[in-house]
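Okay, here's what each chain looks like letter by letter:
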Amino acid sequence: MLTQETAAGTSLLRRHAPTWAEARQLAYHCGGPLPPVNVTLRDAIGRTLTSAVTAQRNLPHYASSAMDGWATHGSGPWTLTAPGRQLSAGEASVIATGGLVPAGATTVLRKESGHVSADGSGIQRLTLTPDAKPDEAHPGRHIRPAGEEATAGDVLIPAGTHLNPAHIALAAVAGHDYLQVQRKPRAAVVLTGSEVVTSGEPGPGQVRDAFGPQLDAVILQLGAEPAGQLRIGDSYEEWLAALGDVPEGLPPDVTITTGGTGKSGTDHFRDAIAALGGRLLLDGIAMRPGHPAVLAELPDGRFVIGLPGNPLAAMMALMTLGEPLLAALGNRPLRAARLVTSGADIEPCPGRTRLMPCTSIHDLAFPTSRTGPGMMRGLAWADGYMAVPPEGVAAGAPVSVLPLPWTAPSV
Ligand SMILES: Nc1nc2c(c(=O)[nH]1)N[C@H]1C(S)=C(S)[C@@H](COP(=O)(O)OP(=O)(O)OC[C@H]3O[C@@H](n4cnc5c(N)ncnc54)[C@H](O)[C@@H]3O)O[C@H]1N2
Ligand code: MOO
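Residues numbered from 1 in each chain as written. Chains lettered and ligands numbered in written order. Predicted model: local features only at pLDDT ≥ 70, side-chain atom pairs only at ≥ 80, totals over all residues.

Identification of the protein chain as Molybdopterin molybdenumtransferase from Arthrobacter bambusae is taken from an unreviewed UniProt entry. Listed under Pathway (unreviewed entry) in UniProt, the entry text for the protein chain is "Cofactor biosynthesis; molybdopterin biosynthesis." (UniProt positions renumbered as here; feature names shortened; annotations may be inferred.)

(A) Highlighting the overall build of the protein chain. When you go through the protein chain residue by residue, the secondary structure sums to 8 helices and 26 strands. The C-alpha atoms of the protein chain give a radius of gyration of 32 Å, which is well past the 22 Å a tight globule of 411 residues would have. Dimensions of the protein chain, computed from the C-alpha atoms along their principal axes, are close to 105 × 50 × 50 Å. For the protein chain, with 411 residues in total, the buried portion stands at 38%. Look at the contacts in the protein chain between residues 6 or more apart in sequence, and 66% of them connect residues 24 or more apart. (Helix = DSSP H or I, 4+ residues; strand = E, 2+ residues; numbered from the N terminus. Rg over C-alpha atoms; globule rule 2.2 N^0.38 Å. Buried ≥ 20, exposed ≤ 12 C-beta atoms within 10 Å, placed from the backbone. Contact = placed C-beta atoms within 7 Å.)

(B) Highlighting the pairing of strand β23 (residues 353-361). Relative to β23, strand β19 (residues 287-288) runs parallel, the two sharing 2 bridges. Bridging from a neighbouring strand, M287 pairs with T353 of β23. Of the pairings in the sheet, the one linking β23 to strand β24 (residues 364-367) comprises 4 bridges and is antiparallel in character. Looking at the pairing, T359 lines up with F366 of β24. Hairpin connection between β23 and β24: a loop of 2 residues separates the two successive antiparallel strands, and H362 in this loop has a positive phi of roughly 50°. (Pairing = 2+ DSSP bridges.)

(C) Representation of the site of ligand 2. In the vicinity of ligand 2, the contacting residues are R288, P289, G290, H291, P292, P308, N310, A313 and P373. Looking at the shell around ligand 2, its residues break down into 5 nonpolar, 3 polar and 1 charged. (Near = placed C-beta within 6 Å. Nonpolar A, V, L, I, M, F, W, Y, C, P; charged D, E, K, R; others polar.)

(D) Here's a closer look at the nonpolar core. Counting 69 residues, the largest nonpolar core has L295, I305, L321, L325, Y385 and M386 as the members making the most contacts within it. The element contributing the most residues to this core is helix α7 (residues 311-329), with 14 residues. Contact partners of I305, with chain neighbours within four places excluded, come to V254, I256, L295, L321, G322 and L325. With 15 residues, the next largest nonpolar core counts M67, A105, L109 and L126 among its residues. (Core = buried A, V, L, I, M, F, W, Y, C linked by C-beta atoms within 7 Å.)

(E) Expanded view of the site of ligand 1. Near ligand 1 you find 24 residues, and of these G259, T261, G262, P308 and G309 are the closest. Its residues placed into classes, the shell around ligand 1 shows 11 nonpolar, 9 polar and 4 charged.

(F) Structural context of the sheet that holds strand β17 (residues 254-258). Across the sheet, 6 strands lie side by side as β16-β13-β17-β21-β20-β18; this open sheet has mixed pairing. In this open sheet, the two strands that pair with only one neighbour each are β16 (225-232) and β18 (279-283). Each neighbouring strand pair of the sheet contributes to a mean axis angle of 20°, computed without reference to strand direction. Strand direction decides the pairing type here: strand β13 (residues 186-192) and β17, joined by 5 bridges, are parallel. Bridge pairing links V189 to I256 in β17. α7 rests against β13, β17, β20 (294-297) and β21 (303-307) of the sheet, and its axis sits at about 165° to β21. (Axes fitted to C-alpha atoms, helices over the stretch in contact; angles between N-to-C directions.)

(G) Summary view of the sheet that holds strand β8 (residues 114-118). Strand order in the open sheet made by the 6 strands is β7-β4-β6-β5-β9-β8, with mixed pairing throughout. Single-partner strands in this sheet number two, and they are β7 (107-110) and β8. Adjacent strand axes in the sheet meet at a mean angle of 35°, parallel and antiparallel pairs treated alike. Relative to strand β9 (residues 124-128), β8 is paired through 5 bridges, and the arrangement is antiparallel. Its bridge partner lying in β9, H115 is registered against T127.

(H) Local environment of helix α4 (residues 212-221). Considered for burial, the residues of α4 that qualify are L215, V218 and I219. Summarising the axial view, the buried residues of α4 lie within an arc of 105°, below the 170-degree limit, and thus occupy one face. Against the buried residues of α4 lie β13, β16 and α7. Positioned one or two residues after α4, G223 has a phi angle of 80°, which is positive. (Arc of directions from axis to C-beta.)

(I) View of the environment of A224. One can find A224 in the loop between α4 and β16. Once the C-alpha coordinates of A224 and V388 are considered, the two residues, 164 residues apart in sequence, prove to be 28 Å apart. What A224 contacts, discounting residues up to four positions off in sequence, is K184, P185, R186, A187, I219, L326 and G330.

(J) Structural detail: the packing of helix α1 (residues 20-29) against α7. For the pair α1 and α7, interaxial distance at closest approach is 7 Å and the crossing angle is 30°. Relative to α7, α1 is oriented roughly parallel. In the crossing of α1 with α7, the sense of the turn from one axis to the other is right-handed. Facing α1, whose interface residues are W20, A23, R24, A27 and Y28, α7 presents T320, L321, P324, L325, A327 and A328. (Parallel < 35°, antiparallel > 145°, perpendicular 65-115°, else oblique. Left-handed = near helix turned anticlockwise from the far one by under 90°.)

(K) Representation of the environment of A380 within the structure. Along the polypeptide, A380 turns up in helix α8 (residues 377-380). A C-alpha to C-alpha distance of 9.3 Å links A380 and T368, two positions 12 residues apart in sequence.

Laid out in C-alpha cells, this is it:
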C-alpha cells in the first residue's frame, strides 16, 4: 500500500481511494487552526473570540445618577449649590441622568419629586413635593454605584464565544478597542478551462461558468474569506503560474481549483503540484459524483483542493474536502451528519458512497431529481445531501444527511 505521512503523522495517500467518510476526516485532520488576529470591534461581530474580554476596571467606573433631578445630601429640605461641587449635609445640586454623582451625595431626587423655591435673599431651596414617594430620599436612591455591572478583573466574555452585537457593545463600554478572534481561512479560486465562458449563451463546445458566480458566496458560507478568483485556460504553463505565483496582498491559505482533475492531455492538476514541490494528500475518493477530487499541499503550506469540472461533482467534492478543511483551519468542529429516514429506495453502488442532493418532507429525506454530475438543477432545490452507502438504502431505513452551506452556514 502506498502511503504518505503528513506533519501530523497521519497516513494520507493510499493506493485505494479513501471512502467519503475517510476523506472528510482526512481533510479535517490535515490542517490545524490558524493563529488568532486582532480586529476592531466592528469587524469582530460574528467572529469567535480567542482571548477572554475582562473588565479592566470597575464597570461603571464612577457612581452616576439614574435620573434627571438633584443630587442631595441627607434629608430635606436642601439648599441648592452649584452642580459638581462636594455636598455637605442639607445641600443639593442639579444632576442629569448618567451624570457624575458629586462627593457627599447620598441620594438622587427625581425632578418630579422635588420643588425649588427662592426666598427673599435669593437662596434656592429644594423640598419634596407632597406626592413624592416615602422612599424617594432614602440613601442610595437613583444612584448607580461604581462597579455595579462588573468589578475590575471580571471575565465579561469568555474565550470561545461567538460574538454577537451585544458582546461588542459590552466590550466597547469596558474600554476595549480591539478583540482577539480566530482568523478565518482565506480561500482563492482558480477556474480552469478554455471552453468556459462567463456571459451569455455558450456556443457549441462551450459551457457557461457554473462556479465563478457562486463560489465566493459559498466560501463565505463555509466560514472562510474569499481571496480572489483567477481564470485560466488549459495549458500546463497557465496552471503552473496560477498555483505557483502567490497573489499580491494577503496570501490564501487554500486555493480551490475547478476542472483539470482528470487524466486527459489538458488535465494538469497533479503535474503542476508535483512541479511546484507539492504533495498530494489525497488523490480520488470512493464516492460518486466527485471521485477525481484531489487534495494537495504546497511547500509554502498552502492547501490546494482540486474540484472536478462537472458542476455537481465539484460541489459535492467541495462539501467533502473543502468544508472539513476550512472548518479545521477556522478552529471549528467537523459537522456531523444527521440520520434521517430515507423516503425512497436507493440502489446500491458497489464500492462508492453516493452523494445525492435531497429534500426533507415530513422528516423523510428524498433525493431530488436531475442530479447528474454535470447538472445543477437537483442541487438548486435541495436542502441537504444524502451520503448513501455502497449497499444502497431501503425506504424507511436511516441515511446520513448533511446540510448545504446555504441551508446551514458555518460560523
Ligand atoms: N477516461 C475517464 N474520463 C473521465 C473520468 C474517468 O474516470 N475516466 N471521470 C469523469 C468524471 S467522473 C469527472 S468529474 C471528470 C473530471 O474532469 P476534470 O476535473 O478533468 O474537469 P474537465 O475535464 O476540465 O471538465 C469536466 C466537465 O466540466 C465542465 N466544466 C469545467 N469547468 C466548468 C465550469 N467552470 N462551469 C461549468 N462546467 C465546467 C467541462 O466543460 C466538462 O464538461 O472527468 C470525467 N472523465
Ligand atoms: O466526479 Mo464525476 O463524478 O461523476 O462527474
